[in-house]
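Secondary and tertiary structure notes
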Amino acid sequence: MPPRPMGWTPIRQAAQFMLGVPADGLNQVLERMLDLAQVTPISFVAVAGPRAGDAMSHLWRRGYQRVEAARRATCGAADERSDVLIVLGCQTVPDMRAVVAATFTMLRPGGALVVDAGALLDEPARRALLESLLELGLDVQPQAHLGAEILATRRFSGDRAAA
């Protein structure tokens, strides 16, 4: 019998099944995130969160040469280069928000942010994550909380904050 993933419980597994939240391995989650953001191997990709190292390895093996780890953005001149920022492995809304807040300025204006929200099993938590992304100045589709991965885009500097 294969080892159970950390944090696995029958109740958690049932909740994931009922909500349609994927319980797949990293490779399948990463594949969905790349598809959602329409990433290609020539894209500049930044990865952040507790599973960033694993994601970098997967991306390198798949032929992505422009991949970097993101821990904290420095300044717009040095950052704003990534086409995509992938956030993986966070378990709570505050953790997800903290990682996004520390790194999203690495995205170029119009760049895509994809957050793995598979650990959030209830709708209020997912909605709270969407609100946090909006507060940070990212654009998010109104029904984005329904997916296991949430896509947001960085606004261009002249765009107004969503009302």
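Up top is the structure.
These lines cover the structure that appears in this document, whether it is placed above or below. (Residues numbered from 1 in each chain as written. Predicted model: local features only at pLDDT ≥ 70, side-chain atom pairs only at ≥ 80, totals over all residues. Heavy atoms only, no water.)

1. Thoughts on the overall build of the chain
To keep it simple, the criterion reads: Per the convention used, a helix needs a DSSP run of H or I reaching at least four residues, while a strand needs a run of E reaching at least two, with both numbered from the N terminus. Exposure categories follow from relative accessible area, calculated using a 1.4 Å probe and restricted to protein chains: below 20% of the type maximum is buried, above 50% is exposed, and the middle band is partly exposed. We call two residues in contact when some of their heavy atoms are within 4.5 Å. Every accessible area reported is derived by Shrake-Rupley at a probe size of 1.4 Å, with residue values counting cover from the shown protein chains alone.
Per the secondary structure count, the chain includes five helices and six strands. Mapped in sequence order, the helices and strands of the chain form the string α-α-β-α-β-β-α-β-α-β-β. In the chain, which comprises 163 residues, the share counted as buried stands at 43%. Nonlocal contacts in the chain, meaning residues at least 24 apart in sequence, comprise 68% of its contacts between residues at least 6 apart. Of the roughly 9200 Å² that the chain leaves accessible, carbon and sulfur atoms contribute 56%.

2. Description of the side chain of S43
One can find S43 in the loop between α2 (26–37) and β1 (45–48). Non-local contacts of S43, meaning those with residues more than four positions away in its chain, are made with R66 and D83.

3. What about the nonpolar core?
The cut-off we apply is this: To qualify as a nonpolar core, a set must consist of buried Ala, Val, Leu, Ile, Met, Phe, Trp, Tyr and Cys residues joined through side-chain atoms within 4.5 Å.
Judged by nonpolar contacts, the single largest core of 28 residues is most densely connected at L85, V87, V100, L113, L129 and L133. Of all the secondary structure elements, the ones that give two or more residues to this core are β1, β3 (82–87), α4 (93–103), β4 (107–116), α5 (123–135), β5 (138–140) and β6 (149–154). Apart from residues lying up to four places away in sequence, L129 is in contact with V93, M96, V115, A117, L120 and I150. With 20 residues, the next largest nonpolar core counts L30, A37, A55 and I86 among its residues.

4. Notes on the sheet that holds β4
Note the cut-off: Strand pairing is defined by DSSP finding a minimum of two bridges between the two strands. Between N-to-C directions, angles span 0 to 180 degrees; the directions come from axes that are lines fitted to C-alpha atoms, helices contributing only their stretch in contact.
Read from one edge of the open sheet, six strands run β2-β1-β3-β4-β6-β5, paired in mixed fashion. The open sheet has two free edges, formed respectively by β2 (67–69) and β5, since each of these has just one partner strand. The average undirected angle you get between the axes of adjacent strands in this sheet is 25°. In the sheet, β4 pairs with β6 via five bridges, with the strands oriented antiparallel. Directly across from L113, in β6, lies its bridge partner A152. Its contacts with the sheet put helix α3 (residues 52–61) on β1 and β2, and the angle it makes with β1 is roughly 150°. Relative to the sheet, α5 contacts β4, β5 and β6, its axis offset from that of β5 by approximately 140°.

5. Observations concerning the pattern of salt bridges
Which entries qualify depends on this criterion: For salt bridges, the criterion is a side-chain nitrogen of Lys or Arg within 4 Å of an Asp or Glu carboxyl oxygen.
The final tally for this structure, using the stated rule, is eight salt bridges. Notably, a salt bridge pairs E149 with R32, separated by 3.1 Å at the nearest N-O pair. Of this pair, E149 sits in strand β6 while R32 sits in helix α2; the two residues are 117 residues apart in sequence, bridging distant segments of the chain. Classification of E149 by relative accessible area gives buried; the value is 12%. A salt bridge links R51 to D54, with the shortest nitrogen-to-oxygen separation between them at 3.3 Å. Residue R51 is classed as partly exposed on the basis of its relative accessible area of 34%.

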